[in-house]
Amino acid sequence: QVQLVESGGGLVQPGGSLRLSCAASGSIFSIYAMGWYRQAPGKQRELVAVATTGGSTNYADSVKGRFTISRDNAKNTVYLQMNSLKPEDTAVYYCNAEYYSGRYHPWGQGTQVNVSS
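Scope of this entry: the structure provided in the associated data block.

Points about the nonpolar core
One finds Leu4, Trp36, Val48, Phe67, Leu80, Met82 and Tyr93 to be the most contacted residues of the largest nonpolar core, which totals 29 residues. When residues of this core are traced back to their parent elements, those giving at least two are β1 (2-7), β3 (18-26), β4 (31-39), β5 (46-52), β7 (67-72), β8 (77-82), β9 (91-99) and β10 (111-115). Ignoring sequence-local partners within four residues, the contact set of Tyr93 consists of Glu6, Leu20, Trp36, Tyr37, Arg38, Val48, Phe67, Leu80, Met82, Gly110, Thr111 and Val113.

Right under this line is the structure:
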């Protein structure tokens, strides 16, 4: 089994920065890619950024140039560095894993990000 725990959310002013963390444990070698998703009130969950084990990354157009996904293999942790935050970035952020089988990890509790003055 793989366990994913995301953290690092909080309240930040527009233009500020936050760094989210997603720690993975268990059968991590089965993971093909790690991604960050978010869900704002009244909206569907959307993909924010994804990173494959091979190192390729992709971002939603709305966050390109502002967010960076990275990984620390020694700590089995994936990060989402969020800069130049906007109020529309306010959402619950989730990390998830795609396995080589094509399956996805169940959704966790997420971490709340509030961008407000």
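Text resumes after the structure shown.
Some thoughts on the state of the cysteines
Across all of its chains, the model carries 1 disulfide by this definition. Two residues, Cys22 and Cys95, share a disulfide whose sulfurs are 2.1 Å apart. Measuring handedness by torsion sign, the sulfur bridge of Cys22 and Cys95 sits at about 60 degrees and is right-handed. Taken together, the residues Cys22 in strand β3 and Cys95 in strand β9 connect sequence positions 73 residues apart.

Details of the pattern of salt bridges
By the definition in use, this model includes 4 salt bridges. Linking Arg38 and Glu46 is a salt bridge whose minimum nitrogen-to-oxygen distance equals 2.8 Å. Overall, the relative accessible area of 6% leaves Arg38 in the buried class. When its relative accessible area of 34% is taken as the criterion, Glu46 is described as partly exposed. Across the pair Arg38 and Asp89 runs a salt bridge whose closest N-O atoms are separated by 2.9 Å. A residue pair is termed long-range when its members are at least 10 positions apart, and Arg38 in strand β4 and Asp89 in the loop between β8 and β9 qualify at 51 residues. For the pair Arg38 and Asp89, one class covers both residues: buried.

A word on the sheet that holds β7
With respect to topology, 4 strands assemble into an open sheet ordered β1-β3-β8-β7, the strand pairing being antiparallel. This sheet does not close on itself; its edge strands, each paired only once, are β1 and β7. Taken over all neighbouring pairs, the strand axes of this sheet differ in orientation by 15 degrees on average, direction set aside. Two strands pair when backbone bridges link them, and β3 and β8 are joined in this way by 6 bridges, in the antiparallel orientation.

Basis of the calculations
Residues numbered from 1 in each chain as written. Predicted model: local features only at pLDDT ≥ 70, side-chain atom pairs only at ≥ 80, totals over all residues. Heavy atoms only, no water. Core = buried A, V, L, I, M, F, W, Y, C linked by side-chain atoms within 4.5 Å. Buried < 20%, exposed > 50% of the residue type's maximum accessible area, 1.4 Å probe, protein only. Helix = DSSP H or I, 4+ residues; strand = E, 2+ residues; numbered from the N terminus. Contact = heavy atoms within 4.5 Å. Disulfide = S-S within 2.5 Å. Salt bridge = Lys/Arg side-chain N within 4 Å of Asp/Glu carboxyl O. Pairing = 2+ DSSP bridges. Axes fitted to C-alpha atoms, helices over the stretch in contact; angles between N-to-C directions.

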